[in-house]
Amino acid sequence: MVKPEGALTWKDIEIGFMVTEPGSASQYRTGDWRSQKPIFDLEKCIKCGLCYIYCPEGCIRQNAEEDFEADMYYCKGCGICARECPKDVITMVEEEE
Amino acid sequence: MTTKMGIEVSVAIGEAVKLANADVVAAYPITPQTHIVEHLAELVADGELEAVYMPVESEHSAMSACLGTAAVGARTFTATAGQGLELMHEVLYVASSMRLPIVMAVANRALSSPISIWGDHSDAMAVRDTGWIQIFGENGQEVIDNVLCAFRIAEDRRVLLPVMVHLDAFHLTHMVEPITFPEKSKVDQFIPPNEYPLPLDPNKPVTMGGFGPPPIYSEVKWAQEVNLRAAKEVILQVWQEFGDTFGRYYSPVEGYRSEGSRVLLLTMGSFSETAMAAIDKMKSEGKDVGLIKLRLWRPFPFDEIRQAVKDAEVLIVLDRAISFGGPGGPVCSEIKSALYQQERKPKVIGFVGGLGGRDISVAGFEEIVSRGIEISETGSSQEFEIFGVRE
């Protein structure tokens, strides 16, 4: 994307507001919607992967150490991972400014 | 070669769409539009028009199908009327916002209830804010010519907007008129192949109709508004070129014996024909009255209207639709707003008439003019008056 949406003027708008760059939705920071964030207590984690399966945003991955973590650029803070985790690894805590 | 024949206007529209080499017709039949799409279905079935005819299950589907075909760059035509246009309503906004050059003939029909298959402008007025270009025809020839112009206007790179060509139910749709069809080779030159700049193409993917959150929605809408207003210049150019090529010239606002008239009557659509006869009669009786005919409804021709009526003292506007609970008929309301800031302007008197297919005769127009003059002198307690309603 050439300019972020908030910087585009009306003259920059493509015909019919078409998006000409494929896959540009990955640039959309859905993490901005979040009011709570998931905190992982990895000592309790049995690596069942349910958080990864249930995350509607698909933003939970295993890192190089094979620990599960959420990509905060996309995490909307829905809390489904915390709800589904059988070992209470994940706690939702308020985002602070 | 140019041919002239007596033909029903609806059938002639089918022929005009064939002349314009439409690629797709997606439509649902509804009185009084049916003969248009029926004839197109025949032309496609008989192999006379090499196009895809898509019979769909509703007008909502018809317009949705048109979005898809226009988006791949196919020259797209449809037609509807009355309730059909209303069922399309939400999709109409999508067509204009996505800048898809669809051409649609609208056989103007009254809206339910009570059920009326007959003509007025309620359907056209209900979609005036959908972002389409709207052109009103006065007779069959104007409709045919403007269907051809509509493809040219819609597909122009500077426009890329859908166009409605309006024709009044029955008074035009079912009328057999002498129609001049231009030569095919000249039409091919006048309407070059459709080259939509960003068509849906797997090799060069684009996203149409995406998400517009608050930081961008206003910019998108303003770009759309600027674009529709700017389309007027192109419409004028296309009409000029059409006239130079085929000999029939069109303008957004046309005067008929209006020069220097103290009183002006303003009409839109097929009623202008009867109104002209009424003006002739009144002129012959020494009455100082002329006619203004409005052809381009969106984008609204503010400058042309101001210019056309500035020297008159009284302007009597006839609407064929009611804006319920509002300031009067939509045309009259628009004209009042166009003139409000002008220093020199006529008194504007609004009438609504011709609803649900009711005729207004020459005598009727005479009555409207004399009552209009009376109101201009004595005033009226109402925002507008309705013509011909039995007390």
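Since we're looking at a predicted model, the values are computed, not measured.

Student: Explain the overall build of chain A to me, please; I cannot follow it from the model alone.
Tutor: Scanning chain A for helices and strands turns up two helices and four strands. Each helix (α) and strand (β) of chain A, taken in turn from the N terminus, gives the series β-α-β-β-α-β. Once the C-alpha set of chain A is aligned to its principal axes, its extents read approximately 55 × 30 × 20 Å. Every one of the 97 residues in chain A was classed for burial, and the buried ones make up 29%. Counted over contacts in chain A with a minimum sequence separation of 6, partners at least 24 positions apart contribute 63%. By element, 49% of the accessible surface of chain A is carried by carbon and sulfur atoms, the whole surface being about 6,600 Å². The average position of the 11 basic charges and that of the 19 acidic charges among the side chains of chain A differ by 2 Å.

Student: Please explain the nonpolar core as it appears in this structure.
Tutor: Nonpolar side chains tend to gather and get buried jointly when the protein is soluble and globular. Residue and element names in this part refer to chain B. Counting residues in hydrophobic clusters, the biggest one holds 54 residues, and the most contacted among them are Ile-13, Phe-77, Ile-133 and Ile-153. It is helix H7 (residues 140–155) that contributes the most residues to this core, nine residues altogether. Setting aside its immediate chain neighbours within four residues, Ile-133 contacts Ile-153, Val-159, Leu-161, Pro-162, Val-163, Met-164, Leu-228, Ala-231, Ile-235, Leu-296, Arg-298 and Pro-299. The next biggest cluster of nonpolar side chains, apart from the first, holds 29 residues, and it includes Ala-65, Leu-67, Leu-92 and Leu-160.

Definitions and limits used
Residues numbered from 1 in each chain as written. Chains lettered and ligands numbered in written order. Predicted model: local features only at pLDDT ≥ 70, side-chain atom pairs only at ≥ 80, totals over all residues. Heavy atoms only, no water. Helix = DSSP H or I, 4+ residues; strand = E, 2+ residues; numbered from the N terminus. Buried < 20%, exposed > 50% of the residue type's maximum accessible area, 1.4 Å probe, protein only. Contact = heavy atoms within 4.5 Å. Areas by Shrake-Rupley, 256 points an atom, 1.4 Å probe, with all protein chains shown as cover. Lys, Arg positive; Asp, Glu negative; His and termini not counted. Charge placed at Lys NZ, Arg CZ, Asp CG, Glu CD. Core = buried A, V, L, I, M, F, W, Y, C linked by side-chain atoms within 4.5 Å.

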